[in-house]
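# Fold and geometry: a report
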Amino acid sequence: MPKSQVRKKKVYTPPTDIRPAANANSKKPSPVWLPVSAVTLIVLGIAWLVVYYLSEQQYPVEAWKYWNLAVGFGAMVASLAILARWR
């Protein structure tokens with residue numbers, strides 16, 4: 001069986017002088033309040049929805065009717081937005 005050909009071209013390596021430099025701000029760890037507030041929003045959103053369904057839609061706020069669902073899911077979506085900034 002014939003031997004496969006050896007690669008004649010070198011593997012491309014980008015030049016080092018045009019690479020974007022990472023600034024020190026992007027490497028800082030997240031503040032402590034960020035994951036704490038995200039978990040709090042998730043727990044509050046789930047609790048809001050559980051109370052809404054178990055109370056047969058009378059609590060937390062009866063006048064809001066189905067907007068209670070928006071409040072519960074909105075809290076969980078807000079926590080996802082906060083977690084997107086977590087490092």
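Owing to the predicted nature of the structure, the values given are computational and were not obtained by experimental measurement. (Residues numbered from 1 in each chain as written. Predicted model: local features only at pLDDT ≥ 70, side-chain atom pairs only at ≥ 80, totals over all residues. Heavy atoms only, no water.)

Helix and strand counts for the protein chain come out as 2 helices and 0 strands. The C-alpha atoms of the protein chain give 26 Å as radius of gyration, which overshoots the globular expectation for 87 residues (12 Å, by more than 25%). Based on the C-alpha atoms only, the size of the protein chain along its principal axes is roughly 80 × 45 × 20 Å. Counting across all 87 residues of the protein chain, residues that qualify as buried make up 15%. Across the protein chain, the fraction of contacts at a sequence separation of at least 24, relative to all contacts at a separation of at least 6, is 57%. Accessible surface computed for the protein chain: about 7,900 Å², of which carbon and sulfur atoms make up 66%. (Helix = DSSP H or I, 4+ residues; strand = E, 2+ residues; numbered from the N terminus. Rg over C-alpha atoms; globule rule 2.2 N^0.38 Å. Buried < 20%, exposed > 50% of the residue type's maximum accessible area, 1.4 Å probe, protein only. Contact = heavy atoms within 4.5 Å. Areas by Shrake-Rupley, 256 points an atom, 1.4 Å probe, with all protein chains shown as cover.)

This paragraph deals with the side chain of S79. Inspection of the secondary structure puts S79 in helix α2 (residues 67–83). In this structure, S79 is in contact with A38, L41 and I42, ignoring residues within four places of it in sequence.

Once that is clear, we can look at the packing of aromatic side chains. Summed over all chains, the structure comprises 2 aromatic pairs. Ring geometry for Y52 against Y53: centres 5.6 Å apart, planes inclined by 65°, an arrangement best described as edge-to-face. On the accessibility criterion, Y52 (1% relative accessible area) is buried. (Phe/Tyr/Trp six-rings, centres within 6.5 Å; stacked < 30°, edge-to-face > 60°.)

A rise of 1.5 Å per residue sets the reference length of helix α1 (residues 33–54), with its 22 residues, at 32 Å; its end C-alpha atoms lie 31 Å apart and thus fit the reference within 8%. When we look at burial in α1, the residues that qualify are L34, A38, G45, L49 and Y52. The arc that holds the buried residues of α1, viewed along the axis, is 70°, so those residues lie on one side. Those residues of α1 that are exposed and angled more than 90 degrees off the buried face are W33, V39, V43, L44 and L54. Where α1 is buried, its residues touch α2. (Expected span 1.5 Å × (residues − 1). Arc of directions from axis to C-beta.)

Residue position: L34 is located in helix α1. Taking the C-alpha atoms as reference points, L34 and K8, separated by 26 residues in sequence, lie 52 Å from one another. Excluding its chain neighbours within four sequence positions, the residues that come into contact with L34 are I82, R85 and W86.

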